[in-house]
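# Structural characterization, general
The residues making up each chain are set out below.
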Amino acid sequence: MQILLWFGVVLFTVDSCMSHTLFTCEPVHVQWCHGMPYNSTFFPNMLEHYDQDIAAVKMKHFMPLASLRCSPDVHLFLCQAFVPECRKHTHVLRPCRELCERVLSDCSRDMLTFGISWPSELQCDRLESCHSSPDGSAVSAVEVTTSRSSLSSSRDLGFWCPLQLKTRPGQGGSFLGAQDCAPPCDNMYLKPHEVQFAKTFIGVCSIVCLCATLFTFLTFLIDVKRFRYPERPIIFYSVCYSFVSLVYFVGFLLGNAAACTESSLPGRASTAVLGAQSRVCSLLFMLLYFFSTAGMVWWVILTITWFLAAGPKWSCEAIEKKAVWFHTISWGLPGSLTVVLLALNKVEGDGISGVCFVGLYDLTALRWFVVAPLAIAVLVGLSLLLAGIMSLNRVRQVIQHDERNQEKLKKFMIRIGVFSGLYLLPLLVLLGCYLYEQAHRSSWENGWISQHCQEYSIPCSHHSIDVERPELSLFLIKYLMTLVVGISAVFWVSSKKTCSEWASFFKRTRKKDPISESRRVLQESCEFFLKHNSRVQHKSKHYKSSSHKLKVVSKSMGTSTGMHTPVTSNHDNTPVSTAVRNHYIPSQSMSDPHRSSETSVQEQAERIGSTAPAERCSKADSSSRISSHAESSHRLTPKDDLLDADQSSAHCTRTQ
């Protein structure tokens, strides 16, 4: 029990040492003042420094005076000015006027040597006079009681990063203009239950968008030749938005694991990721920004191809020849912007969606890397789309007497208009959300600072600020419009032809095993060859060797020639039956070379014009045998071919 109590006291002490309170005393962390007769300080100090780190940076310029010991009181004076002594929470000891004048007089020559200027806040006439102690000695410090009204300066000092939100130096992150500072992981404007609802909403929307875009892409894979240029870019931009929805779904599953960083120091809050602190966050950012920008570029490429087809009347082949340029622009431009953002360290974690993006806290990055590309894509795409529709309308007026083609063109124009509206409307709404955020972000941030300045022990503004915060609906609309853009591709592929293609695809998947099918074809073919040869042909000396070869092939495929298996109707194109035909016919020609030579002589005689009955009968007999072997792979039953062979033999007999 004593160990637990001691451990709790240590944790409380460490926590109080590492964090600010509501304008109370805090331990001295500035290394140059560790040897002073006090170990507690109070901020803000008389120089309007609201943090020990800032005070240490400013104090560093005067430390050469302390190293030279130009005055015996210079070190004490600097510590009392920059890191004042704190007593009883709000009682602060500041340097007095006489001490200031003495130090300034002793060190004026060294200050000129090192080029040190005395700060205006430390002008000696602004300090109070020193008091005398009861024994008559002068006291170098004056006790001052700070009030709540004096905590706010007469001028706005801007945002000072609180200790809870500080990051390690050198990471390059900044928050509201303060370096080495990060925003809190919890959303600055929404309440916890609103954040949880937004997370669920984003997860559901990402699943719906992912299913829609995958349906479009799989429809394209079923029939690749169906979607040619100029409509091929629809497939590529649906692939882009499938990755966008997948990234949001992964962010929904990860929660804040990728977008936020847990502090390893006590008293520090969980902060959003800024820069390349997390590999997972950087990967999500690259995928999300690259594919969202590529989707917008593919939309512009789609309007270009439509314009080329409708205006200059380019053919599909002519547009397809420019596909290399289309891919270069559509993938190269987003890749270049992504690399630039990574080099500028503009990756920012989103505590709502769980992903990482750009412009969440940096208005400049949002303006140039999100709003500007989106506005350009909308303007260029809309202009080309209107030009293409006007060209199609002129064509429709030219063929006004052809009612059939005019009706087809009218339906095509309506289809393009509806599809473009389904795509442009979400983009326009998203652009409006970004512009609204650009106009009100500063007031939202000032309201947040005004609400949390006392909590984080940072200077509050002396102006009365009306606290403003965005509504939850703004965030929901922004995420919905980001994801719903990809669903518009489903409208383009939704048709009766798509339904029939999917139906035929599922029918093909329910067919029987192709290996078993080939075995049955081979077995039935071997049985027919043996039966047909035993009836039509006379016994020859090479019959056993030929049938033996067929039995060997049949056994190698795992079948038996002694069983009869029904033949399916789809065996005519199987590779196994083709191989059997190619194997059997040469083997028979080798087993009876005299018959094959006789057949060739008879065919030559027929071409010359011989009409002898005996030769015509012999040719019919030989032709029936060869045709029966060549057509055995696509017959329905062996009995039909046997009947044909018997009829041809009977016809020969009658002819003779």
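What comes next is a walk through the structure. (Residues numbered from 1 in each chain as written. Predicted model: local features only at pLDDT ≥ 70, side-chain atom pairs only at ≥ 80, totals over all residues. Heavy atoms only, no water.)

### As for the overall build of the protein chain
Under the convention used in this document: Helix and strand assignments come from DSSP, with helices taken as H or I runs of at least 4 residues and strands as E runs of at least 2, each series counted from the N terminus. Residue burial is assigned from relative accessible area. The probe radius is 1.4 Å, only protein chains are included, and a residue is buried under 20% of its type maximum, exposed over 50%, and partly exposed in between. Residue contacts are defined here by distance: any two heavy atoms, one from each residue, within 4.5 Å place the two residues in contact. Using a 1.4 Å probe, the Shrake-Rupley method yields the accessible areas, and only the shown protein chains count as cover for residues.
For the protein chain, the count of helices and strands is 21 helices and 11 strands. When each of the 656 residues of the protein chain is scored for burial, the buried share is 44%. Excluding contacts between residues fewer than 6 apart, the proportion of contacts in the protein chain whose partners are at least 24 apart in sequence is 75%. Summed over all atoms, the accessible surface of the protein chain reaches about 35,100 Å², with 61% contributed by carbon and sulfur.

### Structural notes on the packing of helix 7 (residues 233–254) against helix 8 (residues 279–310)
Packed helices, taken two at a time, are described by the angle between their axes plus the distance between the axes. We count it as follows: To define axes, lines are fitted to C-alpha atoms, for helices over the stretch in contact only, and angles between the resulting N-to-C directions are given on a 0 to 180 degree scale. Angles below 35 degrees are treated as roughly parallel, those above 145 as roughly antiparallel, those between 65 and 115 as roughly perpendicular, and all remaining angles as oblique. Left-handed describes a crossing in which the near helix is turned anticlockwise from the far one by less than a right angle; the clockwise case is right-handed. Residues were grouped as follows: Ala, Val, Leu, Ile, Met, Phe, Trp, Tyr, Cys and Pro as nonpolar; Asp, Glu, Lys and Arg as charged; and all remaining residues, including Gly, as polar.
Packing of helix 7 against helix 8 brings their axes to within 8 Å, and their N-to-C directions diverge by 155°. Comparing their axes, helix 8 and helix 7 come out roughly antiparallel. Between helix 7 and helix 8 lies a crossing of left-handed hand. The class makeup of the residues in the contact of helix 7 with helix 8 is 23 nonpolar, 3 polar and no charged.

### A closer look at helix 10 (residues 323–343)
Threshold: What a helix should span is 1.5 Å times the count of its residues minus one.
Helix length check: helix 10, at 21 residues, gives a terminal C-alpha distance of 30 Å against a target of 30 Å (1.5 Å per residue), a fit within 8%. Along helix 10, the residues classified as buried are Ala323, Phe326, Ser330, Pro334, Thr338 and Leu341. In this structure, the buried residues of helix 10 make contact with helix 8, helix 9 (316–320) and helix 11 (363–398). Once helix 10 ends, the next one or two residues include Asn345, with phi positive near 60°.

### Things to note about the pattern of salt bridges
What counts is decided by this rule: Put simply, a salt bridge is a Lys or Arg side-chain nitrogen that is within 4 Å of an Asp or Glu carboxyl oxygen.
One pass over the full model with this rule turns up 9 salt bridges. Two residues, Arg226 and Glu501, come together in a salt bridge whose shortest N-O distance is 3.1 Å. Of this pair, Arg226 sits in the loop between helix 6 (192–222) and helix 7 while Glu501 is found in helix 15 (residues 496–509), placing the two residues 275 residues apart along the sequence. The same class applies to Arg226 and to Glu501, which are both buried. For Arg441, the salt bridge is made with Glu437, and the minimal N-O distance between the two is 2.7 Å. On the criterion of helical spacing, the pair formed by Arg441 and Glu437 is a turn pair, its members being 4 residues apart in helix 12 (residues 403–456). For Arg441, a relative accessible area of 2% gives the class buried. According to the relative accessible area criterion, Glu437 is buried, its value standing at 10%.

### Digging into the packing of aromatic side chains
Condition: Here a Phe, Tyr or Trp ring, Trp counted by its six-membered ring, pairs with any other such ring whose centre lies within 6.5 Å, and the pair is stacked when the planes are under 30 degrees apart, edge-to-face when over 60, and tilted otherwise. For a Lys NZ or an Arg CZ to count as sitting over a ring, it must be within 6 Å of the ring centre and within 35 degrees of the ring normal.
Scanning the entire structure with this criterion turns up 30 aromatic pairs. An aromatic cluster is present here, built from Tyr237, Tyr241, Trp299, Trp306, Phe419, Tyr423 and Trp492 joined pairwise through their rings. One Lys or Arg, Arg415, reaches over the ring of Trp492 and ends 4.1 Å from the middle of that ring. In this structure, Lys478 is placed above the aromatic ring of Tyr479, and the distance from its NZ or CZ to the ring centre is 5.7 Å.

### Focus on the side chain of Glu194
Relative to the helices and strands, Glu194 is located in helix 6. Look past the residues within four positions of Glu194 in its chain and what remains in contact with it is Arg469 and Leu472.

### A closer look at helix 11
Given 3.6 residues per turn, any residue in an α-helix points the same way as the ones three and four places further on. The line we're drawing: Pairing of N or O atoms within 3.5 Å defines a polar contact, subject to two protein rules: one partner must be a possible hydrogen donor and the other a possible acceptor, and residues neighboring in sequence count only if both atoms are side-chain atoms.
Under the 1.5 Å per step criterion, the end-to-end length of helix 11 is 51 Å for 36 residues, consistent within 8% with the ideal 52 Å. Regarding helix 11, its N-cap is Asp362, as a side-chain oxygen of that residue lies 3.1 Å from the backbone nitrogen of Thr364 further along.

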